[in-house]
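Fold and geometry: a report
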Amino acid sequence: MSFSTPKSSAMLPPLELAPDRPALLRAEPAGDPVGWAAAHRDALRAVVLEHGAVLVRGLGLGDSTTTEAVFRHLTGDRLMSDREPFAPRRRYAHGVYSSTKWPPNQQMCMHHELSYGLEFPGLMLFACLVAPESGGATALADAPTVLRALPDELVGRFEREGWLLTRSYNEEIGASVAEAFGTDDRRAVERYCRDHRIEFTWQDDGSLRTRQHRAAVLRHPVSGTRCWFNQIGFLSEWTMEPEVREYLVEMYGADGLPFNTRYGGGDPIGEDVVRTLNEVYEAHTVREPWRDGDLLLVDNIRTAHSREPFDGPREVLAALGYPVRLDDIEVSRA
């Protein structure tokens with residue numbers, strides 16, 4: 001992400017601020033959401049840097065073509081491909097996707113997009129084309145606040161060790177090798193893994209298992225604030241529905257789960273730790289129900305996001321903007 005101080009641009013309407021929801025801005029695009037987005041890009045970026053996220057209401061985004069154009073204007077066409085996904089997405093255009101396919105009756109826990117990658121988006125963009133009948137909010141949590149609320153001993157261990165993501169790819173559950181890496185050619189997959197510091201092992205049945213070690217706490221490149229930046233809780237076995245976890249362990253073994261997390265040194269993470277992480281997230285969550293046409297911009301380093309259970313149809317498009325390399329960010333270590 002271009003984290004330099006944004007230049008001035010067209011003035012935004014006043015923000016509506018409340019403790020239980022993200023900063024909200026009511027737009028008046030006069031029938032031209034693309035032009036409005038282009039005129040207010042720098043001002044919106046400044047709001048996101050200050051507040052961590054902003055919900056823009058009133059743009060009237062109703063189709064993927066207009067939404068793609070808005071996304072591109074807001075990022076200066078700096079969109080990145082979704083890599084190593086843990087569940088399939090529909091691709092609308094380069095860098096523009098459906099929200100992750102996840103059972104509508106299940107919570108998608110707080111996380112920072114692609115925090116297990118060597119490259120991740122600095123900015124997440126979401127557009128609601130069809131709001132659900134109930135539920136389904138893209139809820140948010142401030143990462144520095146979450147970090148301060150977590151037990152010091154737990155944070156210290158993760159700062160010292162980092163965290164491990166283990167994955168098992170097969171054709172039956174979760175993302176396949178081809179969906180995650182964009183190819184099923186073994187040499188290409190192995191080359192990608194080496195380039196991205198991912199350990200890999202091919203199983204006798206042809207499935208792939210990987211391990212990647214990442215930092216758990218980063219410093220925001222503008223403020224320098226320490227941010228809890230990972231997917232330790234979300235991609236843990238303990239976040240799965242108990243019956244789902246039991247079935248997967250029975251079918252594939254404890255080491256064959258589609259994803260799981262560990263301490264950076266390799267020790268298992270207990271259910272109590274994951275419960276603590278999710279309880280702290282929930283205590284600091286803000287949410288605003290989607291309305292048709294809404295736009296949500298999220299600083300992916302400063303702010304975690306989730307997706308709540310919902311009823312009825314829900315169509316939310318997502319884009320990953322301003323790619324950031326982990327090697328360019330200061331890692332916080334105890």
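Everything below is about the structure printed above this text.
The structure reproduced in this document is the subject of the present report. (Residues numbered from 1 in each chain as written. Predicted model: local features only at pLDDT ≥ 70, side-chain atom pairs only at ≥ 80, totals over all residues. Heavy atoms only, no water.)

With that settled, consider the side chain of Asn300. You can see Asn300 is positioned in the loop between strand E17 (295-299) and strand E18 (303-307). Residues in contact with Asn300, not counting those within four places in the same chain, are His112, Glu113, Phe120, Pro121, Gly122, Leu123, Met124, Phe229 and His305. (Helix = DSSP H or I, 4+ residues; strand = E, 2+ residues; numbered from the N terminus. Contact = heavy atoms within 4.5 Å.)

In this section: the pattern of salt bridges. All told, the structure shown has 24 salt bridges when counted by the stated rule. The shortest N-O distance in the salt bridge between Glu237 and Arg245 comes to 2.8 Å. Among the ionic pairs, Arg287 bridges to Glu282, the shortest N-O distance being 3.4 Å. Among the charged side chains, a network of salt bridges with common partners joins Glu16, Arg21 and Arg26. (Salt bridge = Lys/Arg side-chain N within 4 Å of Asp/Glu carboxyl O.)

A word on the pairing of strand E20 (residues 315-325). When you tally the buried positions in E20, you get 8 out of 11 residues, the bulk of the element. Where strand E5 (residues 96-98) and E20 come together, 3 bridges link them in antiparallel fashion. Among the inter-strand pairings, Val96 is bridged to a residue of E20, identified as Ala319. Relative to E20, strand E7 (residues 119-130) runs antiparallel, the two being bridged by 10 bridges. Across the sheet, Cys128 pairs through a bridge with Val316, a residue of E20. (Buried < 20%, exposed > 50% of the residue type's maximum accessible area, 1.4 Å probe, protein only. Pairing = 2+ DSSP bridges.)

For Glu84, which is not a glycine, the phi torsion comes out positive at approximately 55°. Accessibility expressed as a relative area gives 3% for Glu84, which makes it buried. Positioned with a positive phi, Leu114 is a non-glycine residue whose angle comes to about 55°. One can find Leu114 in the loop between strand E6 (108-111) and E7.

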